[in-house]
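Coordinate inspection notes
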Amino acid sequence: MNNNKPQALIELKDIGVRFNNKIVLNNINLKLYPNSVTTIVGPNGGGKSTLLKVLLKLIRPTQGAVKAKTKLRIGYVPQKIHLDQTLPLTVKKFLSLQQPQSTKIDEILLQLSIQHLTEQSMHKLSGGEMQRVLLARALLNQPELLVLDEPVQGVDIGGQAELYQLIAESKNRLNCAVLMVSHDLHLVMANTDHVLCINQHLCCAGTPETVSEHPDFIRYFGDQFAQNFALYTHHHNHKHNLHGDVCCGAHANAAADCHHTHR
Ligand SMILES: Nc1ncnc2c1ncn2[C@@H]1O[C@H](COP(=O)(O)OP(=O)(O)OP(=O)(O)O)[C@@H](O)[C@H]1O
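Residues numbered from 1 in each chain as written. Predicted model: local features only at pLDDT ≥ 70, side-chain atom pairs only at ≥ 80, totals over all residues.

1. Quick word on unusual backbone geometry
Going by this rule: The helix count covers DSSP runs of H or I at least four residues long, the strand count covers runs of E at least two residues long, and both are numbered beginning at the N terminus. Residues with at least 20 neighbouring C-beta atoms inside 10 Å of their own are called buried, those with 12 or fewer are called exposed, and the rest are partly exposed, where every C-beta is derived from the backbone.
Even without being glycine, Gln-142 reaches a positive phi, approximately 50°. Looking at the element boundaries, Gln-142 is found in the loop between α4 (127-139) and β6 (145-149). For Gln-142, a count of 13 C-beta atoms within 10 Å gives the class partly exposed. For Asn-175, which is not glycine, the phi torsion reads 60° and is therefore positive. Turning to its location among the elements, Asn-175 is positioned in the loop between α5 (157-174) and β7 (177-181). Classification of Asn-175 by C-beta neighbours within 10 Å gives exposed; the count is 10.

Given below as structure tokens:
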């Protein structure tokens, strides 16, 4: 038994979700640990957002359980927010709804290089600016777990890489766990410890390298990705078993337990 292993921040056990008798998720198991990045990929309609909502306790699963550390601080960047266009709202006012302390807001705005947007109207933000503001809001309570649902939607290609870089820096600063849904596989892989490929069930899971070679993954995303991936990948010289421990012969499917202590 490995006594050095940290406690999981949150654990999903045998999660199943049905909507009107349609199975959307089945038998999903997942543990998230501090200082790790886990990326969920999978085809459209595969249940990725639903899984995040179960984890955030926005949806009660039909089956299974979510076990979280007591008073776990979670920051959430949703796919979209809906603002009333008739209500005037500056960025600072928007953020103060989450965190009233002005100095904390200024600190986060500076970290994300958007201090110039402080008095900007929320209605006039570009796609990239809006996503940074949503990230700022999620970071305001110093989350132990940062959850992001397709965080670069509506952001131009240059801004996408920058936003993923800010997410990685925030993770390093807070030592938090990051769980995100992303379609930008080639952009996120270099900063991702574990990938889960979900299509109702867990198709495959493991390091970016192992998942990118899995037949299910190639079926969903094509081997075009493998070529892009080679440009961005970081290299492991070993694999992991179910407990995240280093071993030599682990199979990609065995890594749904997302403990990763090194890069
Ligand atoms: N509240 C709901 N009621 C009924 N069906 C739902 C509900 N929410 C999601 N679904 C269905 O569940 C399935 C999974 O949806 P979900 O949004 O989780 O997929 P996704 O993998 O995030 O998709 P995408 O990549 O397109 O965002 C879809 O078929 C969707 O229509």
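2. Thoughts on the domain arrangement of the protein
Operational definition: The domain boundaries here were taken from an automatic or database domain assignment. Contact between residues is assigned whenever the C-beta positions, reconstructed from backbone atoms, fall within 7 Å. Only Asp, Glu, Lys and Arg are considered charged, only Ala, Val, Leu, Ile, Met, Phe, Trp, Tyr, Cys and Pro nonpolar, and every remaining residue, Gly among them, polar.
According to the domain assignment, the protein contains domain 1 (10-73 + 144-258) and domain 2 (81-141). With 11 residues of domain 1 in contact, the opposing surface of domain 2 contributes nine residues. Of the residues forming the side of domain 1 that touches domain 2, the biggest block, four residues, is contributed by α5. Looking at the side of domain 1 that touches domain 2 residue by residue, the class counts come to six nonpolar, three polar and two charged.

3. Considerations on the pairing of β7
Consecutive side chains along a regular strand alternate between the two faces of the sheet. The following threshold applies: Strands qualify as paired when DSSP identifies two bridges or more between them. The crossover handedness rule: strands pointing away from the viewer, path from first strand over the helix to second strand clockwise, crossover right-handed.
Counting buried positions along β7 gives five out of five residues, so the element sits mostly inside the fold. Relative to β7, strand β3 (residues 36-41) runs parallel, the two being bridged by five bridges. Considered in β7, the bridge of Ser-36 is made with Ala-177. Of the strand pairs in this sheet, β6 and β7 are connected by five bridges, and their pairing is parallel. Paired with Leu-145 across the bridge in β7 is Ala-177. As a crossover connection, the stretch from β6 through α5 into β7 is right-handed.

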